[in-house]
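# Commentary on secondary and tertiary structure
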Amino acid sequence: MIAGGSRRRAIAVALLFVGPNLIGFLVFTSLPVAAAFLLAFYRWDLISAPRFAGLGNLQDLMADANFWYYLYNTTFLMLGVPLGMFGSMFLAIVLARNLPGMWAYRTAFFLPSITAGVGTFILWQWIYSPDFGLANWLIRQFGDGVNVVMAAIHLPWRVAWNGPRWLDDPAWAKPALILMGLWGGIGGTNMILYLAALRNIPPELYEAADIDGAGAWARFRHITWPMLSPTTFFIFIMGIIGGFQGGFAMAHVMTGGGPDGATTTISYYIYQYAYQWYEMGYAAAIALAMFGIVLIATLINWKVGERHVHYE
Amino acid sequence: MDLDQAKLPARRPRRHGVWNKIAVGSTYLFLTIVVAGMLFPFYWMVTTSVKSSDNVFVDPPQWVPRQRFAMIDGKRLPVLILGHRVRLTESGEQIEVEPRQLVRRGGRQAVRLEVDGRAVFKAAESVAVRVREQREIDLAEGEQDRLDAHWIKPDALSYPVHLRWDNYAKAWQAVPFGRAYINSLIVSLSRVLGVLITSSLAAFAFARLEWPGRDKIFFAYLATLMIPGAVTMIPVFILITKMPVLLDGLFGTHLFGANFYSLTGTYLGRPMGLDSYFALAVPGMFTAYGTFMLRQFFRTIARDYEEAARIDGCSTFGVYTRIVLPLSIPALATLGIFTFLGSWRGYIWPLIITFDDHMKTVPVLLRSFQSEYGTLYTLLMAGSVLDVIPVLIVFLIGQKFFMRGIQIGGVKG
């Protein structure tokens, strides 16, 4: 390789280039990871001295009913991942036909995902307002329509649909958030990824299918889906990794974790312990548990994916 | 020849003519419906931001903002209806009712009364309306109720379409919005600068320089990409809170954790620690993301350029500045845009690291005033629009880079 003094020079030059980034990386990324592992074995409230707790945090965590409930919440919210994925795939397939003006639709579809944030969360709070929001207004209109039809065909049955209480109802809060997530996610980066992948499918495959008399469903099942599977795999894994960590901002802005903890996710729980109750050790333990779960889930995904993903 | 023709499998008839037109037409129809659904919330956001606050939580929702006006003391003022005095058609009796009790039944005015717990509708007509001037927020709590109420004739009331653009001014005043914008800008721009400089330098070292331990360290960079942000956030938070104390102890000063104020008395934050620009901008500069992406990109640049430059006596740093950087402008632009957007929209970190309203970034400020704005949802929507606009602008300008960036790195938007 590089010999002697020249090697030292090489190190010196490399240090100059890598240095700033490496220092920052050490201070703000890699050392904190090690610190988090250490922290999980202590109890510390930032003010008094840290107290060693051994495996106490972990034991408490395993016995913590809230933790398991919030883990359930987090996994439930991840239902949006496959739903959004299929939605994005569908939209991409429609947009891929490259009719004139498709770029305008593509940009319009992208807007909800790019603007997602506190502003849109507050907006959706209105949409989900039980008495005055758009969601229940639509449901009521639909009910009125049904009644009109019932009257027209001389049936005596009438409906009085008012819609659920959405964010006030523990049973509906999570589906409400999933729906909002779909609005924000369907036209976003996943759709763009699918569009790019669709463009790379050789048209000869479809022509061959045509010659063999394949219908639309067969074309999808035997050509489109397999050719998209690497992208699907990627999107799914990223979705799982992100899904376990997410749900904080929307819970904090829209529901405060409620009602009755129905929308509290693991990340929200960590926030509560670390920055509201200042229990740094326990919070670190939860965070590490989350990390472990993400790792395991990713590994499982990887194994399953390797078998089913079609590579050229 | 005839035999061969007979053996060919039947071709599925291609869509042509009318069928193709129908397919294309229904595609456009479907897409338009979906787009309408996707964009309607934005329409709602903007129209609500210019409504008067008594028209936000109403059933049915108000699609086009209207404002009631009345002539009071010779001036045409926006007003809020406090009540009606109606004359019952049957009995001629006059009673006072609340605004929501005056309805239309069968095309005529009526009042909704509760008799023995059931709703009863009686034909009536409004004789006088009790109103008061509506000013969204420049009065303190409680003062609004002390504004004089006036009785006016129903036909002195008009209800035209009206956009209250002054809601934006009110939202800006009620809350240090301007400062939050500046904060968000400072943080986002400095983070972009920091990321572009440090990541490109490091990426160059990983991609083009030979040095011992290079690949192992790069692998360590990659490994951290898997780690959830929540894990590193807690120790970094602790570090940030303890840093001023440590540095002050180290140098024997009292500077690092001190509060700084401008000449006019506005809070400027601390040099380090909570409520500091340092804490807001710096930790996010050093994720492995930018380094990884740029390193991959640099590796695609042909070595020929570098070799030719070195033959001409170019230094390593020269290669970096004169060859690699100019060729990487698209990748740098993409990274810059993503970093900017990620920083502007960041919520958790600014939330936990700031306590004073003057140091908060836009999303955090908006959220912390959710309870304060309370019934004034219109101002909250105005704030939301203000939060969304810079993102839209950056996205629309940098769209090309954005889309390409997603494909290069499979980046999450």
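In this text the structure is predicted, and so the values were computed from the model without any measurement.

Parameters at a glance
Sequence order as written defines residue numbering, which begins from 1 separately in each chain. All chains are assigned letters beginning with A, and all ligands numbers beginning with 1, in the order in which they are written. In view of the model being predicted, local features appear only for residues whose pLDDT reaches at least 70, and side-chain atom pairs are presented and counted only at 80 or more, with totals across whole chains, interfaces and linings using the full set of residues. Secondary structure is summarised from DSSP: a helix means a run of H or I of at least four residues, a strand means a run of E of at least two, and numbering begins at the N terminus for each. Radius of gyration here is computed from C-alpha atoms only, and the compact-globule reference equals 2.2 Å multiplied by the residue count raised to the power 0.38. Residue burial is a threshold on neighbouring C-beta atoms within 10 Å of the residue's own C-beta, all placed from the backbone, with 20 or more meaning buried, 12 or fewer meaning exposed, and counts in between meaning partly exposed. By definition, residue pairs are in contact when their C-beta atoms, positioned from the backbone, come within 7 Å. Domain boundaries shown here were taken from an automatic or database domain assignment. The pLDDT score gives, residue by residue, the confidence of the prediction method on a 0 to 100 scale. Any residue that is not Ala, Val, Leu, Ile, Met, Phe, Trp, Tyr, Cys, Pro, Asp, Glu, Lys or Arg is counted as polar, Gly included; the first ten are nonpolar and the last four charged. Any two strands between which DSSP finds at least two bridges are classified as paired. The nonpolar core criterion groups buried Ala, Val, Leu, Ile, Met, Phe, Trp, Tyr and Cys residues into a set whenever they are joined through C-beta atoms within 7 Å. To estimate how far a helix should reach, multiply one less than its number of residues by 1.5 Å. Helix axes are fitted only over the stretch in contact, all axes being lines through C-alpha atoms; the angle between N-to-C directions runs from 0 to 180 degrees. Oblique is the label for any angle not under 35 degrees, not over 145, and not in the 65 to 115 range, which are roughly parallel, roughly antiparallel and roughly perpendicular in turn.

Another aspect to go through is the overall build of chain A. Counting its regular elements, chain A contains 14 helices and two strands. For 312 residues, the compact-globule estimate of 2.2 N^0.38 gives 20 Å, and chain A exceeds it by more than 25% at 26 Å. When its C-alpha atoms are laid out on the principal axes, chain A stretches across 90 × 55 × 35 Å. Counting all 312 residues of chain A, 39% fall into the buried class. In chain A, once contacts between residues fewer than 6 apart in sequence are set aside, the share between residues at least 24 apart is 68%.

Looking now at the overall build of chain B. Summing up its helical and strand segments, chain B has 17 helices and ten strands in all. A compact globule built from 413 residues would reach a C-alpha radius of gyration of about 22 Å, whereas chain B, at 32 Å, exceeds it by more than 25%. Principal axes of the C-alpha set define a box for chain B whose edges measure 105 × 100 × 40 Å. The buried share of chain B, taken over its 413 residues, is 34%. Relative to all contacts within chain B whose residues are 6 or more apart in sequence, the contacts with residues 24 or more apart total 65%.

Entries for chain A in the domain assignment read domain 1 (1-39) and domain 2 (54-130 + 165-308). Each of domain 1 of chain A and domain 2 of chain A has a C-alpha centre, and the two are 35 Å apart.

As a further point, take the confidence of the model for chain B. All names here are of chain B. Looking at chain B, the pLDDT average stands at 84 and 90% of residues meet or exceed 70. Contacts for the low-pLDDT stretch residues 1-12, under 50 throughout, to residues beyond four places or in other chains number six contacts. Interface confidence for the predicted complex, given as ipTM, is 0.87, next to a pTM of 0.85.

On to the interface of chain B and chain A. Taken together, the contacts link 75 residues of chain B with 75 residues of chain A. In terms of residue class, the side of chain B that touches chain A is built from 52 nonpolar, 15 polar and eight charged.

So, about unusual backbone geometry. Residue and element names in this part refer to chain A. Looking along the chain, the bond that leaves Gly258 and enters Pro259 is cis, with omega of -10°. In this structure, Pro259 sits in the loop between α12 (248-255) and α13 (266-276). Located in the positive-phi region is Tyr278, a residue other than glycine, with phi close to 50°. Relative to the helices and strands, Tyr278 resides in the loop between α13 and α14 (280-308). By the C-beta count within 10 Å, which is 12 here, Tyr278 ends up exposed.

All right, on to the confidence of the model for chain A then. Of the residues in chain A, 98% have a pLDDT of 70 or more, and the chain-wide mean is 89. Per-element mean pLDDT across chain A ranges from 88 in helix α1 (residues 4-39) of chain A up to 94 in helix α3 (residues 65-77) of chain A.

Here we come to the pairing of strand β3 (residues 94-97) of chain B. Residue and element names in this part refer to chain B. Inspection of the sheet shows strand β2 (residues 75-88) paired to β3 by four bridges, in the antiparallel sense. Following the sheet pairing, His84 is matched in β3 by Val97. Hairpin connection from β2 to β3: five residues lie between these consecutive antiparallel strands, with Gly92 at a positive phi of about 75°.

Right, let's talk about the environment of Val64 of chain B for a bit. Assignment of secondary structure puts Val64 of chain B in the loop between α2 (18-49) and β1 (69-72). Between the alpha carbons of Val64 of chain B and Arg100 of chain B there is a distance of 20 Å; along the sequence they are 36 residues apart.

Membership of the largest hydrophobic core comes to 145 residues, with the highest contact counts inside it found for Ile270, Ala283, Ala284, Ile286 and Ala287 of chain A together with Ile234 of chain B. No other element matches the twelve residues that α14 of chain A contributes to this core. When neighbours within four sequence positions are excluded, Ile234 of chain B is seen to be in contact with Ala36, Leu39, Ala274, Met280, Ala283, Ala284 and Ala287 of chain A.

In this model, helix α5 (residues 102-115) of chain A (14 residues) spans 21 Å end to end at C-alpha, consistent with the 20 Å of a helix rising 1.5 Å per residue. Those residues of α5 of chain A not exposed but buried are Tyr105, Phe109, Phe110, Leu111, Pro112, Ser113, Ile114 and Thr115 of chain A.

All names here are of chain B. Close contact between helix α4 (residues 166-174) and helix α16 (residues 377-397) brings their axes to 9 Å; oriented N to C, the two are set at 85°. The pairing of α4 with α16 is recorded here as roughly perpendicular in orientation. Residues Asn167, Tyr168, Lys170, Ala171 and Ala174 of α4 form the contact with α16, whose participating residues are Thr378, Leu379, Ala382 and Gly383. Grouping the amino acids of the contact of α4 with α16 by side-chain chemistry returns five nonpolar, three polar and one charged.

Turning our eyes to something else, we now look at helix α12 (residues 329-345) of chain B. Across its 17 residues, α12 of chain B extends 24 Å between first and last C-alpha, which sits within 8% of the 24 Å expected from 1.5 Å per residue. Extensive coverage of α12 of chain B is indicated by the burial of 13 of its 17 residues.

Residues and elements named next belong to chain A. Among the structural elements, Phe236 can be located in helix α11 (residues 216-245). Overall, Phe236 belongs to the partly exposed group, with 19 C-beta atoms counted inside 10 Å. In the structure, Phe236 is positioned 69 residues away from Gly305 in sequence and 9.6 Å away in space, judged by C-alpha atoms. Excluding anything up to four places from it in sequence, Phe236 contacts Val81, Met85 and Asn301.

Here we come to the environment of Lys75 of chain B. All names here are of chain B. Within the secondary structure, Lys75 sits in strand β2. A residue is classified by how many C-beta atoms lie within 10 Å of it, and Lys75, with 8 of them, is exposed. Between the C-alpha atoms of Lys75 and Gly178, which are 103 residues apart in sequence, the distance is 33 Å.

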